[in-house]
Amino acid sequence: MCGIVGVTGNQNATDILLDGLQQLEYRGYDSAGIYVNDQHGDGFLVKEKGRIADLRALVGPEVKGSTGIGHTRWATHGVPSVTNAHPHVSADGRFFLVHNGVIGNFSELREKYLADVELKSDTDTEIIVQLVGKFAAEGLDTFAAFRKVLSLVDESSSYAFLLMDKEDPSKLFVAKNKSPLLIGVGDGFNVVCSDALAMLNQTHDFIELTDGEVVIVEPQSIKILDQDDNEIKREPFHVDTDPEAVQKGAYAHYMLKEIDEQPGVMRKLVQEYFNEDGTVKIDQALLDDLSQADRLYIVAAGTSYHAGLVGKELFEKLANIPTEVHVASEFAYNPPLLSEKPFFIFLTQSGETADSRQVLTQVNKWGYPSLTITNVPNSTLSREATHTLLLHAGPEIAVASTKAYTAQIALEAILVKAYGEAKNIERAKEFDVAKELTKVANGMQELVDEKGKIEQIAKDLLATTRNAFYIGRGVDYALAQEAALKLKEVSYIQTEGFASGELKHGTIALIEDGTPVVAIITDPKMAAHTRSNAQEVIARGANVLFIASRDLAVAGDQIILPDIDPLLSPLVSVVPTQLLAYYASMQRGYDVDKPRNLAKSVTVE
């Protein structure tokens, strides 16, 4: 979602901010802005609706300084506009603020304290900067005014604040609650960012912040304070990611690059999680906690939720442990009746998903063990869970997730293998995951090499349609839901994934002449049933695309999948659906990597 960058002590502040914001474009946004101060009394505020390129076009050569803050906004309060874009400014022009998150009681604060202040925007963020200005005008210093405002914000609120005082321009005032924020340690300067990727060209050393902390950042110092103003000393962690890894290279879009990277991700997971003798490398403490559970609860959102549906099949079929999969935003406020010894697994690409974190906070209060499976080390859910397993997928920049989804499923399979061996479960012990994932990698490569064929299918099937359907049974139904999400995310085609047997219970009423229906067939037990359901929609005028495993294919099937164990078939069957979504979006002229209204890292509830 929204992105934050800040820098103090570097004469190239303007370029650092703009470049940092550009690296955060993948998070989703509708407007952007920067404020830069030259330490000699001159400050420059530039904001624009649209893309970072539009903002850059407004930044003239006079906009320069050594300290500044920047922001990309994803609208929550107020429409996308220049007025609602950050940074926001206090009425006296002294304070500048950027903010990620949502202030739950902003209306009450406005009515109680700011009745005499003319607000410029519709945002909750402006309330905060106006309050800082008000309390400073009443005699408080900047830090005390900032502290007072934080004390007035209610517990439901989430925020990452980055504040500048025009009268003390070398300092950045930082506060965090629920929304992610990092301090980057430079050589003679320091930076602030909501995502380390924004500042990898400046530093690879970052300090994580925890909820309730306030920080004063200066060029030569970083002072972290807890809620009682006790100073906290914390060593930085090092991020090994190569800045080049977040570039598109020769690809037109990140999404296509990340689809192509999936075979390598499978091989990387085998390398990371298997010893040379074929045994699985999973921490024994994690396996001990997992082995004591009587039921697993997988909690996730969006694409990660769909990976969890496949994980449920793996855990139950291979390891005989009951598994539930829950949408994080629903679980947070409507939890189910739990078993006596639950174990929670959180699937999250970013490790910052607000809805999942809300659940994890409750789980920690209940005292239950948990595991976060994420692509981002040192992320919030990684730090706060009992255990963490990393996806090792490399940076995923496109808003529509591809390689993180397949990495999550692959890592779930590896975990099932380790758990099954620990519990001496014969089916899991016999399941050669390393060998199967190697076959998956080869199969993925075979499919990504068929781009031209799939591009033509997308043109023939999806070029003008307003809706489409994916159908399947069992694990193919789980895949159908992810395939439908991918197509609707990037092409805006209204797409639904259904259990094929449910079509006749209502959904078939939506089928008309020319409706695209994609049938996924990878399970021999249910292949004939899915084909029968496909015939039902063909009889009503649908155009059906068959995606079938090689050993289940029949004459006329358009996309043939390499043979993979049916439980892992989503790892290969998803690839052509990702490519269909990509080319459908391309053929309609849309922004594939940054689809409208969406954000990569959903950090508000």
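Residues numbered from 1 in each chain as written. Predicted model: local features only at pLDDT ≥ 70, side-chain atom pairs only at ≥ 80, totals over all residues. Heavy atoms only, no water.

### Concerning the overall build of the protein
Spelled out, the test is: Helix and strand assignments come from DSSP, with helices taken as H or I runs of at least 4 residues and strands as E runs of at least 2, each series counted from the N terminus. It is over C-alpha atoms that the radius of gyration is taken, and the globule rule equals 2.2 Å times the number of residues to the power 0.38. Should any heavy atoms of two residues lie within 4.5 Å, those residues are considered in contact. Note that His is not counted, nor are the chain ends; the positive residues are Lys and Arg, and the negative ones are Asp and Glu. Taken as the charge centre is NZ of Lys, CZ of Arg, CG of Asp or CD of Glu, depending on the residue.
Of regular secondary structure, the protein possesses 19 helices and 25 strands. Against the 2.2 N^0.38 benchmark of 25 Å for 605 residues, the protein shows a C-alpha radius of gyration of 25 Å, consistent with a compact globule. Once the C-alpha set of the protein is aligned to its principal axes, its extents read approximately 80 × 55 × 45 Å. Here the contacts in the protein between residues at least 6 apart in sequence split such that 71% fall between residues at least 24 apart. Taking the average location of the 56 positive side-chain charges in the protein and that of its 85 negative ones, the two points are 3 Å from each other.

### As for the pattern of salt bridges
What counts, and what does not: Salt bridges, as used here, are contacts in which a Lys or Arg side-chain nitrogen is within 4 Å of a carboxyl oxygen on Asp or Glu. Relative accessibility decides the category of a residue: with a 1.4 Å probe and only protein chains considered, values under 20% of the type maximum give buried, values over 50% give exposed, and everything between is partly exposed.
Overall, the coordinates contain 31 salt bridges when judged by the stated rule. Taking the shortest distance from any N to any O, the salt bridge between Lys-171 and Asp-168 comes out at 3.4 Å. Classification of Asp-168 as partly exposed rests on a relative accessible area of 26%. Two residues, Arg-531 and Asp-557, come together in a salt bridge whose shortest N-O distance is 2.6 Å. With a gap of 26 residues between them, Arg-531 in helix α18 (residues 527-538) and Asp-557 in the loop between β24 (543-549) and β25 (559-561) connect regions that are remote in the sequence. No difference in accessibility class separates Arg-531 from Asp-557, as the two residues are buried.

### Quick notes on the packing of aromatic side chains
This is how it is decided: Ring geometry is summarised as follows: Phe, Tyr and Trp rings, the Trp one being its six-membered ring, pair when their centres sit within 6.5 Å, and such pairs are stacked at plane angles under 30 degrees, edge-to-face over 60 and tilted between the two.
Here the structure, examined in full by the defined rule, presents 13 aromatic pairs. Ring geometry for Phe-331 versus Phe-344: centroids 5.9 Å apart, planes at 90°, classification edge-to-face. Within this pair, whereas Phe-331 is found in helix α10 (residues 328-331), its partner Phe-344 is found in strand β18 (residues 342-348), the two being separated by 13 residues in sequence. Pairing Tyr-582 with Tyr-583 gives two aromatic rings, centres 5.0 Å apart and planes at 75°, and the pair type is edge-to-face. Using a relative accessible area of 2% as the deciding quantity, one classes Tyr-582 as buried. Through successive ring pairs, a cluster of aromatic residues spans Tyr-297, Phe-331, Phe-344, Phe-346, Trp-366 and Tyr-368.

### Topic: the side chain of Glu-25
Structurally, the position occupied by Glu-25 is in the loop between α1 (13-23) and β2 (31-37). No salt bridge is formed by the buried Glu-25; its nearest oppositely charged neighbour, Lys-594, is found at 4.3 Å.

### Quick notes on helix α5 (residues 142-152)
Worth spelling out the cut-off: Here a polar contact means two N or O atoms within 3.5 Å. Within protein one must be a hydrogen donor candidate and the other an acceptor candidate, and residues neighboring in sequence count only if both atoms are side-chain atoms.
Among the residues of α5, Thr-142, Phe-143, Ala-145, Phe-146, Arg-147, Val-149 and Leu-150 are the ones counted as buried. Capping of α5 at its N-terminal end is provided by Asp-141; its side-chain oxygen lies 3.2 Å from the backbone amide nitrogen of Phe-143.

### Here's the deal with the sheet that holds strand β22 (residues 494-499)
Across a sheet, paired strands are connected by hydrogen bonds in the backbone, their directions being either parallel or antiparallel. Test applied: Only when DSSP finds a minimum of two bridges between them are two strands counted as paired. Axes, fitted as lines to C-alpha atoms, cover a helix only where it is in contact. Angles between the N-to-C directions of the axes lie from 0 to 180 degrees.
Taken together, the five strands give an open sheet; going across it, the order is β22-β21-β23-β24-β25, and neighbouring strands pair in parallel fashion. The two strands at the open ends of the sheet, each matched to only one other strand, are β22 and β25. Going from strand to strand, the sheet's axes swing by 20° on average, the running direction of each strand aside. Bridge count between strand β21 (residues 467-472) and β22: six bridges; the pairing is parallel. Across the sheet, the residue bridging to Gly-472 is Ala-499, located in β22.

### Details of the nonpolar core
For clarity, the threshold we go by: Among buried residues, those of type Ala, Val, Leu, Ile, Met, Phe, Trp, Tyr and Cys that are joined through side-chain atoms within 4.5 Å constitute a nonpolar core.
Formed by 131 residues in total, the largest nonpolar core has its most connected members in Ile-34, Met-266, Ile-282, Ile-345 and Ile-414. The contact partners of Ile-282, leaving out residues within four places of it in the chain, are Tyr-273, Leu-287, Leu-389, Ile-414, Leu-415 and Ala-418. Ranked by size, the runner-up nonpolar core spans 28 residues in total, among them Phe-106, Ala-136, Val-153 and Leu-163.

### Quick word on the environment of Gly-420
Counting through the fold element by element, Gly-420 comes out in helix α13 (residues 403-422). By relative accessible area, which is 0% here, Gly-420 ends up buried. Discounting chain neighbours no more than four positions away, the residues touching Gly-420 are Ile-425, Ala-428 and Lys-429.

### Quick notes on the sheet that holds strand β14 (residues 231-232)
Taken together, the seven strands give an open sheet; going across it, the order is β5-β6-β7-β8-β12-β13-β14, and neighbouring strands pair in antiparallel fashion. Edge strands, defined here as strands with exactly one partner in the open sheet, are β5 (88-89) and β14.

### As for helix α9 (residues 302-319)
Formally: One fewer than the residue count of a helix, multiplied by 1.5 Å, yields its expected span.
Relative to the 26 Å expected for 18 residues at 1.5 Å per residue, α9 spans 25 Å between its end C-alpha atoms, a close match to the ideal helical length. Most of α9 sits inside the fold, with 14 of its 18 residues counted as buried.

### A few points about the packing of helix α7 (residues 262-273) against α13
What counts here: Here roughly perpendicular refers to angles of 65 to 115 degrees, roughly parallel to angles under 35, roughly antiparallel to angles over 145, and oblique to all remaining angles. Left-handed is the label given to a crossing in which the near helix is rotated counterclockwise from the far helix by less than a right angle, and right-handed is the label when the rotation is clockwise. Three classes are used, and their members are as follows: Ala, Val, Leu, Ile, Met, Phe, Trp, Tyr, Cys and Pro are nonpolar, Asp, Glu, Lys and Arg are charged, and the others, Gly among them, are polar.
In contact at an axis separation of 10 Å, α7 and α13 are set at 30° when each is read in the N-to-C sense. Relative to α13, the element α7 lies roughly parallel. Here α7 and α13 pass one another in a crossing that is right-handed. Packed against α7, whose contacting residues are Gln-262, Val-265, Met-266, Leu-269 and Tyr-273, the element α13 presents Lys-403, Thr-406, Ala-407, Ala-410, Leu-411 and Ile-414 at the interface. Class assignment for the residues of the contact of α7 with α13 results in eight nonpolar, two polar and one charged.

### A short note on unusual backbone geometry
Geometrically, the link from His-86 to Pro-87 is a cis peptide bond, its omega value of 0° lying close to zero. If you trace the backbone, Pro-87 turns up in the loop between β4 (67-73) and β5. For Lys-178, which is not glycine, the phi dihedral falls at a positive 75°. As for its placement among the helices and strands, Lys-178 is situated in the loop between β8 (172-177) and β9 (182-185). Here the phi dihedral of Asn-378 falls at roughly 65°; this positive angle occurs in a residue that is not glycine.

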